[in-house]
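# Architecture at a glance
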Amino acid sequence: MDPRFTSTMPAGGALGLNEASSTLPKVAAPVDADPAAAAYKKKASEAAVKFESFFIGHMLKQMRSSTKELAGDDSIYKDSVNSDMLDMADNMVADQMAHQRAFGIADAILRQLLPAPAAPPAKPMTTPVTAAADAPQQNISSKT
């Protein structure tokens with residue numbers, strides 16, 4: 001092994017770090033100043049996700065009922081035991097899809113319920129200088 005690539009310094013020694021200073025300071029997550037607002041946001045989020053789950057579940061139930069109507073007499077969709085299990089499976093799928101916010105219904109509800117985040121101050125508008133205004137006018141004509 002080439003001695004130029006081996007080092008007897010501990011890791012971080014070249015950077016001036018030792019064991020005591022090698023840990024980075026932990027950055028605290030921003031905390032809402034108002035605990036009531038944080039509680040409201042949490043409850044609103046939960047309610048919005050539950051509503052999205054209800055909506056998706058209802059849609060799946062309607063789709064399943066139309067499948068039952070179109071199914072033949074000997075189909076598995078006509079059996080009540082299978083029907084109950086399929087309803088439970090549909091509800092579980094609806095819950096999972098709602099937690100992923102697959103349809104965006106919860107996000108739309110939250111946009112209406114929660115105040116918009118504070119926007120940064122607007123910059124003053126300036127008129128841009130265009131190159132076309134500074135360029136000399138050229139007469140482009142084609143003679144045929």
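Residues numbered from 1 in each chain as written. Predicted model: local features only at pLDDT ≥ 70, side-chain atom pairs only at ≥ 80, totals over all residues. Heavy atoms only, no water.

## Observations concerning helix H2 (residues 80-99)
For an α-helix, the turn length of 3.6 residues means that residues three or four places apart are oriented alike. Between the first and last C-alpha of H2 there are 29 Å, a value that for 20 residues agrees with the 28 Å anticipated at 1.5 Å per step. In this structure, the buried side of H2 is in contact with helix H1 (35-70). Positioned one or two residues after H2, Arg-101 has a phi angle of 55 degrees, which is positive. (Helix = DSSP H or I, 4+ residues; strand = E, 2+ residues; numbered from the N terminus. Expected span 1.5 Å × (residues − 1). Contact = heavy atoms within 4.5 Å.)

## Overview of the packing of aromatic side chains
What the rule picks out here adds up to one aromatic pair. Considering the side-chain rings of Phe-51 and Phe-54, the 6.5 Å spacing of their centres and the 40 degrees angle between planes classify their relative orientation as tilted. Placement of the pair is Phe-51 and Phe-54 together in helix H1, with a separation of three residues, close to one helical turn. (Phe/Tyr/Trp six-rings, centres within 6.5 Å; stacked < 30°, edge-to-face > 60°.)

## Some details on unusual backbone geometry
Apart from glycine, the bulk of residues carry a negative phi angle, and the bulk of peptide bonds sit in the trans form. Notably, Arg-101 is not glycine yet its phi reads approximately 55 degrees, a positive angle. Secondary-structure assignment places Arg-101 in the loop between H2 and helix H3 (105-113).

## A few points about the environment of Tyr-40
With respect to the secondary-structure elements, Tyr-40 resides in helix H1. Owing to a relative accessible area of 42%, Tyr-40 belongs among the partly exposed residues under this scheme. With 73 residues separating them in the primary sequence, Tyr-40 and Leu-113 have C-alpha atoms 9.7 Å apart. Once you skip the residues sitting within four places of it in the chain, Tyr-40 turns out to touch Leu-113 and Leu-114. (Buried < 20%, exposed > 50% of the residue type's maximum accessible area, 1.4 Å probe, protein only.)

## Some details on the confidence of the model for the chain
Chain-level statistics for the chain give a pLDDT mean of 75 and a share of 58% at 70 or above. For the chain, helix H4 (residues 131-134) is the element with the lowest average pLDDT, namely 56, and H3 is the one with the highest, namely 93. Low confidence marks residues 9-29, where pLDDT is under 50. Its contacts with residues over four positions away, or in another chain, come to three contacts. (pLDDT = per-residue confidence, 0-100.)

## Considerations on the nonpolar core
Grouped together as the largest cluster of nonpolar side chains are seven residues: Ala-44, Ala-48, Val-49, Ala-98, Ala-106, Leu-110 and Leu-114. Listed by contribution, the elements that provide at least two residues to this core are H1 and H3. Looking at this core element by element, the count peaks at three residues for H1. With near-sequence residues (within four places) excluded, Ala-48 lies in contact with Ala-106, Ile-109 and Leu-110. (Core = buried A, V, L, I, M, F, W, Y, C linked by side-chain atoms within 4.5 Å.)

## Considering the side chain of Asp-90
Secondary-structure assignment places Asp-90 in helix H2. With a relative accessible area of 8%, Asp-90 lands in the buried category. When neighbours within four sequence positions are excluded, Asp-90 is seen to be in contact with Leu-60 and Arg-64.

## Some words on the packing of H1 against H3
Each pair of packed helices can be summarised by the angle the axes make with each other and by the distance between the axes. For the pair H1 and H3, interaxial distance at closest approach is 8 Å and the crossing angle is 145 degrees. Our pair here, H1 against H3, has a crossing hand that is right-handed. Here Tyr-40, Ala-44, Ser-45, Ala-48, Val-49, Phe-51, Glu-52 and Phe-55 of H1 lie close against H3, whose contacting residues are Ile-105, Ala-106, Ile-109, Leu-110 and Leu-113. (Axes fitted to C-alpha atoms, helices over the stretch in contact; angles between N-to-C directions. Left-handed = near helix turned anticlockwise from the far one by under 90°.)

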